[in-house]
Amino acid sequence: MLLLFVLLLSGYGIRSDHASPIHGYSSDMLSLLDFKRAITKDPKGALASWNSSTHFCMWKGVFCSRKHPGRVAALELSSQYLFKVKSAPLSET
C-alpha cells in the first residue's frame, strides 16, 4: 500500500520541500484521495476520515512531517485489510 501511495505522489511530480496547492488543495491531499479511490474494500473503515472537511494531516493513518508542515511523511495502514481489486479490461473477458 505504501508503495502505491509513493507511486501516486511521484505521478504528481512532487519533488520539492513544499506541496504545491492546486485550487486550494495540496498535491499531497490529492494524492491521498487518489489512493483512497483506488481502494475497493476498506472493511475496517480506515479511510472514512479521508475527506476534504478535515485537514489530511488529521486523517487516520496519515502522519505529516514536523520538519515540513503540511507534507505527508508516512502512512500506517498495515493492519487495515485494505484491498485493491484490479479488474480485467473488457477485451480480456
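Since this is a predicted model, take the numbers as computed values, not measurements.

K.L.:
Looking at this model, I keep getting lost on the overall build of the chain. Mind explaining?
P.N.:
Across its full length, the chain carries 2 helices and 4 strands. Taking all 93 residues of the chain together, the buried fraction comes to 31%. Taking all contacts inside the chain whose residues are at least 6 apart in sequence as the whole, residues at least 24 apart take part in 50%. Entry remark: accessible area of the chain is about 6,400 Å², with carbon and sulfur atoms responsible for 58%.

K.L.:
For this particular structure, what's the right way to read the state of the cysteines?
P.N.:
Here, the word disulfide means a covalent bond between the sulfur atoms of two cysteines. Using the criterion set out here, one finds 1 disulfide in the structure. Between the sulfur of Cys57 and that of Cys64 lies a disulfide, 2.0 Å long from S to S. Disulfide Cys57-Cys64: torsion about the S-S bond near -90°, hence left-handed. Taking the relative accessible area as the measure of exposure, Cys57 reaches 22% and is therefore partly exposed. We classify Cys64 as partly exposed; its relative accessible area is 22%.

K.L.:
Looking at this structure, how should I read the nonpolar core?
P.N.:
When a protein is soluble and globular, its nonpolar side chains tend to lie buried together. Core analysis: the biggest nonpolar cluster contains 15 residues, and Leu32, Trp50, Trp59, Val62, Leu75 and Leu77 have the highest contact counts within it. Every element with two or more residues in this core is listed here: helix H2 (27-38) and strand E4 (72-75). Ranked by residue count, the leading element in this core is H2, at 4 residues.

K.L.:
Teacher, can you tell me more about the pattern of salt bridges here?
P.N.:
Here the idea is simple: oppositely charged side chains can pair when their charged atoms come close. What the rule picks out here adds up to 2 salt bridges. Its salt-bridge partner being Arg71, residue Asp28 comes within 2.8 Å of it at the nearest N-O pair. One end of the pair, Asp28, is in helix H2; the other, Arg71, is in the loop between strand E3 (62-64) and E4, and 43 residues separate them in sequence. A salt bridge links Arg37 to Asp34, with the shortest nitrogen-to-oxygen separation between them at 2.3 Å. Remark: Asp34 and Arg37 occur in helix H2; sequence separation between them is 3 residues, near one turn of the helix. On the basis of relative accessible area, Arg37 is assigned to the exposed category, the value being 60%.

K.L.:
Mind showing me how you'd approach the environment of Ile39 here?
P.N.:
Tracing the backbone through its elements, the reader meets Ile39 in the loop between H2 and E3. What makes Ile39 buried here is its relative accessible area of 10%. Each C-alpha atom, one on Ile39 and one on Phe83, is 5.7 Å from the other, the two residues being 44 residues apart in sequence.

K.L.:
Just checking my understanding: could you explain the packing of aromatic side chains for this structure?
P.N.:
Each aromatic ring pair is summarised here by two numbers: the centre-to-centre distance and the angle between the ring planes. This model, assessed by the stated rule, comprises 3 aromatic pairs. Following the ring pairs from residue to residue traces out a cluster consisting of Phe35, Trp50, Phe56 and Trp59.

About the criteria used
- Residues numbered from 1 in each chain as written.
- Predicted model: local features only at pLDDT ≥ 70, side-chain atom pairs only at ≥ 80, totals over all residues.
- Heavy atoms only, no water.
- Helix = DSSP H or I, 4+ residues; strand = E, 2+ residues; numbered from the N terminus.
- Buried < 20%, exposed > 50% of the residue type's maximum accessible area, 1.4 Å probe, protein only.
- Contact = heavy atoms within 4.5 Å.
- Areas by Shrake-Rupley, 256 points an atom, 1.4 Å probe, with all protein chains shown as cover.
- Disulfide = S-S within 2.5 Å.
- Core = buried A, V, L, I, M, F, W, Y, C linked by side-chain atoms within 4.5 Å.
- Salt bridge = Lys/Arg side-chain N within 4 Å of Asp/Glu carboxyl O.
- Phe/Tyr/Trp six-rings, centres within 6.5 Å; stacked < 30°, edge-to-face > 60°.

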